[in-house]
Amino acid sequence: MLYPVENKVREVKNLSGIWNFKMDYDNIGIQEQWQKEPLKDTIPMAVPSSYNDLFTEEREKEHVGYVWYEKSFVIPDSWNGKRIVLRFGSATHHATVWVDGTEVVKHKGGFLPFEADITEMIEKSSLEEHRVTVALSNILDWTCIPCGEIIHKEGPGYPEGFHYQETYFDFYNYSGLHRPVKLYTTPKKYIENIVIKTEIKENEAVVKALITSTDEIRVVKVVDEAGNIVSEKAVEKCLNDENKWYVETEMKEPHLWNPGAAYLYQLKVEGENDTYAEQFGLRTIEVTDKAFLINGKEFYFQGFGKHEDSDVHGKGMDEALNIRDFNLLKWMGANSFRTSHYPYSEELMMLADREGFVVIDEVPAVGMCFWDGNSVFAGNRVNDDTLEHHKDMLADMYNRDKNHPCVMMWSVANEAATHEEEAVPYFKEVIETMRSLDDTRPVTMVHTTGPDGDKVSQWLDVICVNRYYAWYTDHSHLEVIGLQLENEMNKWYNKYHKPIIMSEYGADTIAGYHKTPAVAFTEEFQCMYMNEFHKIFDKLDFMIGEHPWAFADFQTKQGLNRVDGNKKGIFTRNRQPKMSAYMLKERWSEN
Ligand code: GCB
């Protein structure tokens, strides 16, 4: 899927702003077909944003089920004869979209884009103003990723109809139209997709592009950052498919995309009617048993697991926040991050391309492990529908992010119960699917299960492990960290002979809380805690990275060990540093 762009033949209309909004308290709107008429009794709502934290009452904030969005738009006469597409950056988690009361698209999966071609209905319509209506449900069950379930309880201790959304992941189930909604045009014959793969030899690069297009493609041009055309080639149609076009074009003295020193080219595809410039970068990735090499140089991941999360906006896309986060990452000497635990906005990925951050791109497969010993994969929880949806999300993530040079590795899940026998065929298929989509990037998965229990890492390239020694186990006994960590990491390595990234480690820390001797939750403790991990990372040559958890404090559901969210941030939720930020800055600036 291509990002909507403006150029001499394409136009974009951003529908972000204030929409009409209506809570479907009793989840009756679908049955009553609210889309047929303009919504009644609406309130204003910001798009993009999560709606939850904009409300003042729990009933709305914690609503389980449907909410409705509506916006009117006009199509300018100048768009006559063009193909018109309505595109959602994301809708969390299930959306049905109507235009003027007619369904145009349905989508499941809260963190990836989807679109509807509305040309025909616009052409047939005599209306001057159109109405887009969205019914959005935030319900998570075992057929979705992330997984969840609705818990119903009854009996004398519970009010009638008592129920709530249970989730098995540690972030708030923010809901809404989280990313921009856009209308865009293309010519009627148009370029649908471009897949770019590159090969770098000595002082030359080959750029290979597979183009899906109903338009006759003429030529591709590679344009450098200064706007010079550095390569140009006529394109040939693939013999076996009418709408597929393939080209290979060479360029001399390529400028590589390096971490911290990005360089972006554009592949300009020119057709008879349509044209599209897709950004790409030149870099190689190689994984050995002990190293991750980018452009032939060993790369050590230093950075964070992050969240799309902030005050008021929730998970709503916020360009100012993205810029602030990237400036903080640079200030600290961080070179990478993981999109824990779902693909982040396209706008953020483009920024990462430009700023030279290395990204581990994670699909929203989180919450597939129970901590009480109950099984997730054997029985009536994760099922065939979950697997199908998981595979769909991998494909959507790949289709959206395939040409981003910043994406250096795919993560197919976070903390799944990979010790369960039934998880083996599941993840074999998931990993095979990822590889069949992309043969150019390594695949990882983020573990909570230890090396003795894990049954799936033989299929991965890199092993990512989350560990909280002396926090969730042996709480506050820092002296156990070194021993337990070294022992476990050696076990992982001896079992699989693959490089390891510590993808999470950290301690909840209240900003401004200080004590000596240090105790858990103080800023001093957070520094001492991480230092114990660092001593071991520095000893083990197969450790290829450290991503403390988490970049910033973030909101979670309420829980006994969550006082207004997860406080393991190195920054506060407001993006101000705790003491540990200075400690990490010093460590990372040395490398
Ligand atoms: C984890 C999860 C992450 C949590 C973190 C914690 O392992 O991957 O989502 O927030 O632990 O703080 O407990």
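Quick caveat: nothing in here was measured; it's all calculated off a predicted structure.

Q: Which residues make up the packing of helix H8 (residues 481–496) against helix H9 (residues 523–537), and what values go with them?
A: Running from N to C, H8 and H9 cross one another at 40 degrees; their axes reach a closest spacing of 9 Å. Relative to H9, the element H8 is oriented oblique. For the crossing formed where H8 meets H9, the hand is right-handed. Side by side, H8 and H9 meet where Ile481, Gly482, Leu485 and Glu486 of the first sit next to Tyr529, Glu532, Phe533, Ile536 and Phe537 of the second.

Q: Let's hear about the nonpolar core: which residues, and what values?
A: Residues Phe292, Met368, Phe377, Phe427, Met489 and Tyr529 are the most contacted members of the largest nonpolar core, which totals 112 residues. Per-element tally for this core: the top contributor is H9, with 7 residues. Aside from chain neighbours lying at most four places away, what touches Phe292 is Ile285, Glu286, Val287, Lys297, Glu298, Phe299, Phe301, Met408, Met409, Pro442, Val462 and Ile544. Core analysis: the second largest hydrophobic core is formed by 32 residues, Val67, Phe73, Ile84 and Leu136 among them.

Q: Any details on the pairing of strand S19 (residues 265–271)? Residues and values, ideally.
A: Of the two faces of S19, the one holding Tyr265, Leu267, Val269 and Gly271 is buried and the one holding Gln266, Lys268 and Glu270 is not buried anywhere. As paired elements, strand S15 (residues 217–223) and S19 share 6 bridges and run antiparallel to each other. Considered in S19, the bridge of Val220 is made with Val269. In the sheet, S19 pairs with strand S20 (residues 275–280) via 6 bridges, with the strands oriented antiparallel.

Q: Hey, could you go over the site of the ligand for me, with residue numbers and the actual values?
A: Inspection of the region around the ligand gives 13 residues, with Asp170, His341, Glu415, Tyr472 and Lys568 positioned closest. At 2.3 Å from an oxygen atom of the ligand is found a side-chain nitrogen or oxygen belonging to Glu415. A distance of 2.8 Å separates an oxygen atom of the ligand from a polar side-chain atom of Asn566. In the complex, 91% of the free accessible area of the ligand, which totals 320 Å², lies under the protein chains. Classifying every residue of the shell around the ligand by side-chain character gives 4 nonpolar, 4 polar and 5 charged.

Q: How would you summarise the sheet that holds strand S1 (residues 12–14) if you had to cite specific residues and measurements?
A: If you walk across this open sheet you meet the 4 strands as S1-S12-S5-S8, and the pairing is antiparallel. At either margin of the open sheet sits one strand with a lone partner, and together these are S1 and strand S8 (114–117). Averaged over neighbouring strand pairs, the angle between their axes works out to 20 degrees when direction is ignored. Where strand S5 (residues 83–88) meets strand S12 (residues 181–186), 6 bridges bridge the pair, whose relative direction is antiparallel. Each residue of the ladder has a partner; that of Val85, found in S12, is Tyr184.

Q: Give a description of the environment of Asp241 that names residues and reports values.
A: If you trace the backbone, Asp241 turns up in the loop between strand S17 (236–237) and strand S18 (244–252). Residue Asp241 is classed as partly exposed on the basis of its relative accessible area of 29%. The spacing of Asp241 and Arg400 is 159 residues in sequence and 22 Å in space, taken between C-alpha atoms.

Q: An account of the pairing of strand S9 (residues 130–137) is requested, with residue identities and associated values reported.
A: Of all 8 residues in S9, 8 are buried; the element is thus mostly enclosed. Relative to S9, strand S4 (residues 66–73) runs antiparallel, the two sharing 8 bridges. Its bridge partner lying in S9, Tyr66 is registered against Ser137. When strand S6 (residues 94–99) meets S9, the two strands line up antiparallel, connected through 6 bridges. Directly across from Trp98, in S9, lies its bridge partner Thr133.

Rules of the game
- Every chain is numbered on its own, with residues counted from 1 as its sequence reads.
- Residues qualify for local features only when their pLDDT is at least 70, as the model is predicted, and side-chain atom pairs are given and counted only at 80 or more; totals for whole chains, interfaces and linings, by contrast, use all residues.
- Excluding hydrogens and water, the side-chain figures rest on all heavy atoms present in the structure.
- Interaxial angle, 0 to 180 degrees, is taken between N-to-C directions of lines fitted to C-alpha atoms, where a helix line uses only the stretch in contact.
- Helix and strand definitions here come from DSSP, where helices need a minimum of 4 consecutive H or I residues and strands a minimum of 2 consecutive E residues; each element is numbered from the N-terminal end.
- Put simply, angles under 35 degrees are roughly parallel, angles over 145 are roughly antiparallel, angles from 65 to 115 are roughly perpendicular, and the rest are oblique.
- If you view the pair so one helix is near and one far, a crossing is left-handed when the near helix is turned anticlockwise from the far one by less than a right angle, and right-handed when it is turned clockwise.
- Whether two residues are in contact is decided by their heavy atoms: any pair within 4.5 Å suffices.
- Here, nonpolar core means buried Ala, Val, Leu, Ile, Met, Phe, Trp, Tyr and Cys residues that are tied together by side-chain atoms lying within 4.5 Å of each other.
- Here the term buried applies to any residue with accessible area under 20% of the maximum for its type, exposed to any over 50%, and partly exposed to those in between, with areas from a 1.4 Å probe on protein chains only.
- We treat two strands as partners when DSSP finds at least two bridges between them.
- Only heavy atoms are used to decide nearness, and a residue is near a molecule or strand if one of them lies within 4 Å of it.
- Identification of polar contacts relies on pairs of N or O atoms within 3.5 Å, with a donor-acceptor requirement for protein atoms, meaning one able to donate a hydrogen and the other able to accept it, and with residues adjacent in sequence counted only if both atoms are side-chain atoms.
- Shrake-Rupley sampling with a 1.4 Å probe provides the accessible areas, and residues are treated as covered by the protein chains on show and by no other component.
- By the convention adopted, Pro, Cys, Tyr, Trp, Phe, Met, Ile, Leu, Val and Ala count as nonpolar, Lys, Arg, Asp and Glu as charged, and the other residues, Gly among them, as polar.

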